[in-house]
Amino acid sequence: PAYMADMAIPSIFVGEMFGRLGCFLNGCCYGDPSSLPWAVSFPKESFPYMSDLARGRLVEGATCSLALHPTQIYSSINALILALLTWHYFPFRRRNGDVLLLGWLVYPVTRFLLEVLRGDEPGFLGSPLTVSQWVSIGMFGTGLLFWGYLSRQPAKRNPHLIAQPSAVPVHT
C-alpha cells in the first residue's frame, strides 16, 4: 500500500491542480481584495460578486466584484509544484511511503498559508482560522505521526520494480 501511495500522490496533486482551475472558472474559493496587477474581478451574479454585495463592499448595480487575489490559480500552481516535487522525489526515496509522507507534510503547510489570502470562509470554532486551516493542522499532526511510524521501518524499496542497469557482457 505504501508503494502504491508513493506512485499515486503526484497524480492526486495533478487532480488538485485541475480542480482548482475549475474553482476559478466557477468563481468559488476566491480570495480577499487585492491591488496586485494580476488581481481578478468576477462577473455579476458570481459567488464573489454576491458576497461583496452582501458585505456592503459593492454598490447596487456594480458590474463585477472587487479585484481579488486569484487564490484558485495560486492553489493550482501550488498543486503543480507539489506534483513535480513528489514525482521527482520518487527515485530518491529511502523506503516505501516516503513520497506520501513528503506530500502529507508539505501540502497542509502550503494550504494553511494560502488560506490566509482566501476571502470566502469565515473563522471556525470561534477562532480566526478557517475550516481548511484546522484540517491542515490535523493533517500535519497525523503526518508527523506517520513520519514517526515510517522512520521505524527498514529502509527498503521494491527493488524488483526499479529498473536495474543492464549487465555488460564480458567477452573472453
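Everything that follows concerns the structure shown earlier in this document.
Residues numbered from 1 in each chain as written. Predicted model: local features only at pLDDT ≥ 70, side-chain atom pairs only at ≥ 80, totals over all residues. Heavy atoms only, no water.

(A) Seen up close, the environment of Arg57. Within the secondary structure, Arg57 is located in the loop between helix H2 (47-54) and helix H3 (71-89). Those residues in contact with Arg57, other than ones at most four positions away along the chain, are Pro33, Asp52 and Leu66. A polar atom in the side chain of Arg57 sits 2.7 Å from the side chain of Asp52. (Helix = DSSP H or I, 4+ residues; strand = E, 2+ residues; numbered from the N terminus. Contact = heavy atoms within 4.5 Å. Polar contact = N/O pair within 3.5 Å; in protein donor to acceptor, adjacent residues only side chain to side chain.)

(B) Region of the structure containing unusual backbone geometry. Although it is not a glycine, Cys29 adopts a positive phi angle of roughly 55°. Structurally, Cys29 can be placed in the loop between helix H1 (2-26) and H2. The backbone of Leu125 sits at a positive phi, close to 60°, despite the residue not being glycine. In this structure, Leu125 sits in the loop between helix H4 (98-115) and helix H5 (131-151). Accessibility expressed as a relative area gives 65% for Leu125, which makes it exposed. (Buried < 20%, exposed > 50% of the residue type's maximum accessible area, 1.4 Å probe, protein only.)

(C) Focus on the packing of H3 against H4. Between H3 and H4, the least distance of the axes is 10 Å, while the angle of their chain directions is 160°. With respect to their mutual orientation, H3 and H4 come out roughly antiparallel. Here H3 and H4 pass one another in a crossing that is right-handed. On the side of H3, the interface is formed by Tyr74, Ser75, Asn78, Leu82, Leu85, Thr86 and Tyr89, while H4 contributes Asp98, Val99, Leu102, Gly103, Val106, Tyr107, Thr110 and Leu114. In terms of residue class, the contact of H3 with H4 is made up of nine nonpolar, five polar and one charged. (Axes fitted to C-alpha atoms, helices over the stretch in contact; angles between N-to-C directions. Parallel < 35°, antiparallel > 145°, perpendicular 65-115°, else oblique. Left-handed = near helix turned anticlockwise from the far one by under 90°. Nonpolar A, V, L, I, M, F, W, Y, C, P; charged D, E, K, R; others polar.)

(D) Up close: the packing of aromatic side chains. One pass over the full model with this rule turns up five aromatic pairs. Residues Phe13 and Tyr107 carry aromatic rings whose centres are separated by 5.9 Å and whose planes lie at 40° to one another, so their mutual orientation is tilted. In this pair, Phe13 sits in helix H1 while Tyr107 sits in helix H4, placing the two residues 94 residues apart along the sequence. We note that Phe13, like Tyr107, is buried. Put simply, the rings of Trp104, Phe146 and Tyr149 touch in pairs and so form one group of aromatic residues. Between Arg93 and the ring centre of Phe90, over which it is positioned, the NZ or CZ distance is 3.9 Å. (Phe/Tyr/Trp six-rings, centres within 6.5 Å; stacked < 30°, edge-to-face > 60°. Lys NZ or Arg CZ within 6 Å of the ring centre and 35° of its normal.)

(E) Broad picture of H1. Across its 25 residues, H1 extends 35 Å between first and last C-alpha, which sits within 8% of the 36 Å expected from 1.5 Å per residue. The largest bend along H1 reaches roughly 35° and is located at Ala8, with the proline Pro10 sitting one to four residues downstream. All of the buried residues in H1 are Tyr3, Asp6, Ile9, Pro10, Phe13, Met17, Arg20 and Cys23. The secondary structure elements touched by the buried residues of H1 are H3 and H4. (Expected span 1.5 Å × (residues − 1). Bend = angle between axes of the 7 residues up to and from the residue.)

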